[in-house]
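Residue-level structural notes
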Amino acid sequence: MNLTYRLFFSKSPRKTLGCLDAFYKMTVSQLGCEARRQYCINLIGRLKTDLRETQCREECRRIREHIHAAKAEIKNLGGKASS
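This write-up is about the structure you can find in this document. (Residues numbered from 1 in each chain as written. Predicted model: local features only at pLDDT ≥ 70, side-chain atom pairs only at ≥ 80, totals over all residues. Heavy atoms only, no water.)

Quick word on the packing of aromatic side chains
Keep this limit in mind: Here the aromatic set is Phe, Tyr and Trp, taking the six-membered ring for Trp, and pairing holds for ring centres within 6.5 Å; pairs whose planes are under 30 degrees apart are stacked, those over 60 apart are edge-to-face, and all others are tilted. We call a charge positioned above a ring when the Lys NZ or Arg CZ atom is no farther than 6 Å from the ring centre and deviates by at most 35 degrees from the ring normal.
Per the counting criterion, the structure on display carries two aromatic pairs. An aromatic cluster of three or more residues is present, and its members are Phe23, Tyr24 and Tyr39. The ring centre of tyrosine 39 lies 6.0 Å from the NZ or CZ of arginine 46, which sits over that ring.

Written as structure tokens, this is what we have:
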């Protein structure tokens, strides 16, 4: 019963940046850790600007998903994700 409860209320796993961003998957992921980390930091900055400017709820959801994926990638690379 505990397993059923946990499965029912648990969120689905978040998508990785490589799954959401084809450029990252095909190009940036081939670079060194520092270049990938810097790409993620720059991407988060651009996405936050987009998030402030958009009015579409679906677009906001997609942007937030990308931000979470970029922060997770920074964390996986061993750096601290910026807020």
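There is more to say after this.
Notes on the nonpolar core
The cut-off we apply is this: Here the nonpolar core consists of buried residues drawn from Ala, Val, Leu, Ile, Met, Phe, Trp, Tyr and Cys, with membership extended through side-chain atoms lying within 4.5 Å. Any residue under 20% of the maximum accessible area for its type is buried, any over 50% is exposed, and the rest in between are partly exposed; the area is computed with a 1.4 Å probe on protein chains only. Numbering of helices and strands runs from the N terminus, with a helix taken as a DSSP run of H or I at least four residues long and a strand as a DSSP run of E at least two residues long. Contacts between residues were defined by any pair of non-hydrogen atoms, one from each residue, lying within 4.5 Å.
Among the nonpolar cores identified, the biggest contains 13 residues, and Leu17, Tyr24, Tyr39, Cys40, Leu43, Leu47 and Ala70 are the most heavily contacted of them. Of all the elements in the fold, those that place two or more residues in this core are α4 (33-53) and α5 (57-76). Those residues in contact with tyrosine 24, other than ones at most four positions away along the chain, are Leu17, Gly18, Ser29, Arg36, Tyr39, Cys40 and Glu73.

So, the side chain of threonine 54
Which entries qualify depends on this criterion: What qualifies as a polar contact is a pair of N or O atoms within 3.5 Å, subject to a donor-acceptor requirement within protein and to the restriction that residues adjacent in sequence count only when both atoms come from side chains.
Looking at the element boundaries, threonine 54 is found in the loop between α4 and α5. In terms of polar contacts, threonine 54 uses its side chain to reach the backbone amide nitrogen of cysteine 56, at 3.4 Å. Setting aside its immediate chain neighbours within four residues, threonine 54 contacts Glu59, Cys60 and Ile63.

Here's the deal with α5
Using the following cut-off: Expected helix span is given by 1.5 Å per residue-to-residue step, counting one fewer step than there are residues.
In a regular helix each residue adds 1.5 Å, so 20 residues correspond to 28 Å; α5 covers 29 Å between its end C-alpha atoms and thus fits that length. Listing the buried residues of α5 in full gives Cys60, Ile63, His66, Ile67, Ala69, Ala70, Glu73 and Ile74. Within two residues after α5, glycine 78 carries a phi angle of roughly 95°, on the positive side.

Side note on the pattern of salt bridges
For the record, the criterion: Here, a salt bridge means any Lys or Arg side-chain nitrogen found within 4 Å of an Asp or Glu carboxyl oxygen.
Per the counting criterion, the structure on display carries four salt bridges. Two residues, glutamate 34 and arginine 37, come together in a salt bridge whose shortest N-O distance is 3.6 Å. Taken together, the positions of glutamate 34 and arginine 37, both in helix α4 and three residues apart, correspond to about one turn of that helix. Note on glutamate 34: relative accessible area 51%, which makes it exposed. Looking at arginine 37, the relative accessible area reads 24%, which means it is partly exposed. A single network of salt bridges, built from pairs that share partners, joins Glu58, Arg61 and Glu65.

Geometric values such as these leave the question of function open.
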